[in-house]
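Structural overview
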Amino acid sequence: MDDIDRRLLSLMRDDCRLPVSSMATILGISRATVRTRIDKMTNDGTIQGFTITLKAGAGVYGVRAIAMIEVAGQGGEKVIRRLQGFPEIRAMHTTNGRWDIVAEIEVETLEAFDKTLRDIRHIDGITSTETSILLSTRKS
């Protein structure tokens, strides 16, 4: 990956709907080169998908939360594999310090949130969790 690829990814991260011709003009390269680079990064797995970002509080998910998860011993990979199967977990991060995993949860109702937390807490290898509901987003 070179500087042009990084600049292209930055443009796409800011506005993935930006036309290829506009990206080419901004980068000072041809449209064909932009398309080739996007295709290459898609094929090699650098770009794993194209998505949308919703405005915070858009009403799609009624409850959003961050769950900090502590894992016993060396069971982290097994726990992560189990957590990856939860559609309610929108993102997952490993971290240092007291907590091993941070999971971003989005569900429609408090009842669904309660069920998701119970299911997470029943996974073998999880020793402790701490969860905070996100009340509002000030910067995204």
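Right, let's walk through the structure included here.

Calculation notes
- Residues numbered from 1 in each chain as written.
- Predicted model: local features only at pLDDT ≥ 70, side-chain atom pairs only at ≥ 80, totals over all residues.
- Heavy atoms only, no water.
- Salt bridge = Lys/Arg side-chain N within 4 Å of Asp/Glu carboxyl O.
- Helix = DSSP H or I, 4+ residues; strand = E, 2+ residues; numbered from the N terminus.
- Buried < 20%, exposed > 50% of the residue type's maximum accessible area, 1.4 Å probe, protein only.
- Contact = heavy atoms within 4.5 Å.
- 1 Å grid on protein atoms, 1.4 Å probe; cavity = no way out; pocket = protein on both sides within 12 Å on 5 of 7 lines; lining within 4 Å.
- Points joined across faces, edges and corners; volume = space filled by probe spheres on them.
- Nonpolar A, V, L, I, M, F, W, Y, C, P; charged D, E, K, R; others polar.
- Pairing = 2+ DSSP bridges.
- Axes fitted to C-alpha atoms, helices over the stretch in contact; angles between N-to-C directions.

Attention now moves to the pattern of salt bridges. A complete count under the given rule lists seven salt bridges for this structure. Measuring nitrogen to oxygen at the nearest pair gives 3.2 Å for the salt bridge that ties Asp39 to Arg35. Here the residue Asp39 and the residue Arg35 both occupy positions in helix α3 (residues 31-43), the gap between them amounting to four residues, near one helical turn. Accessibility expressed as a relative area gives 34% for Asp39, which makes it partly exposed. Here Glu70 and Arg98 are joined by a salt bridge, their closest N and O atoms 3.3 Å apart.

Within the secondary structure layout, Asp5 lies in helix α1 (residues 3-14). Discounting chain neighbours no more than four positions away, the residues touching Asp5 are Arg37 and Met41.

Turning to the layout of surface pockets, a few remarks are in order. What the second largest pocket holds in volume is close to 490 Å³. The residue makeup of the lining of the second largest pocket, split by class, is six nonpolar, five polar and three charged.

The next point concerns the sheet that holds strand β4 (residues 126-133). The strands making up a sheet are joined through hydrogen bonds of the backbone, oriented either antiparallel or parallel. Read across the sheet, four strands follow the order β2-β3-β1-β4 without closing on themselves; strand pairing throughout is antiparallel. With one partner strand each, in any of the chains shown, β2 (89-94) and β4 form the two edges of the open sheet. Between one strand and the next, the sheet's axes are offset by a mean angle of 20°, whatever the strand orientation. Here seven bridges tie strand β1 (residues 63-71) to strand β3 (residues 101-107), and the two strands are oriented antiparallel to one another. By the bridge assignment, Met68 is partnered in β3 with Val102. Its contacts with the sheet place helix α4 (residues 76-83) against β1, β2, β3 and β4, and it is angled at close to 165° to β2.

By the secondary structure assignment, Ile133 is in strand β4. The exposure class assigned to Ile133 is partly exposed, which follows from its relative accessible area of 42%. Spatially, the C-alpha atom of Ile133 lies 9.8 Å from that of Glu106, the residues being 27 residues apart in sequence. Discounting residues that sit within four places of it in the chain, Ile133 has contacts with Arg64, Ala65, Leu110 and Phe113.

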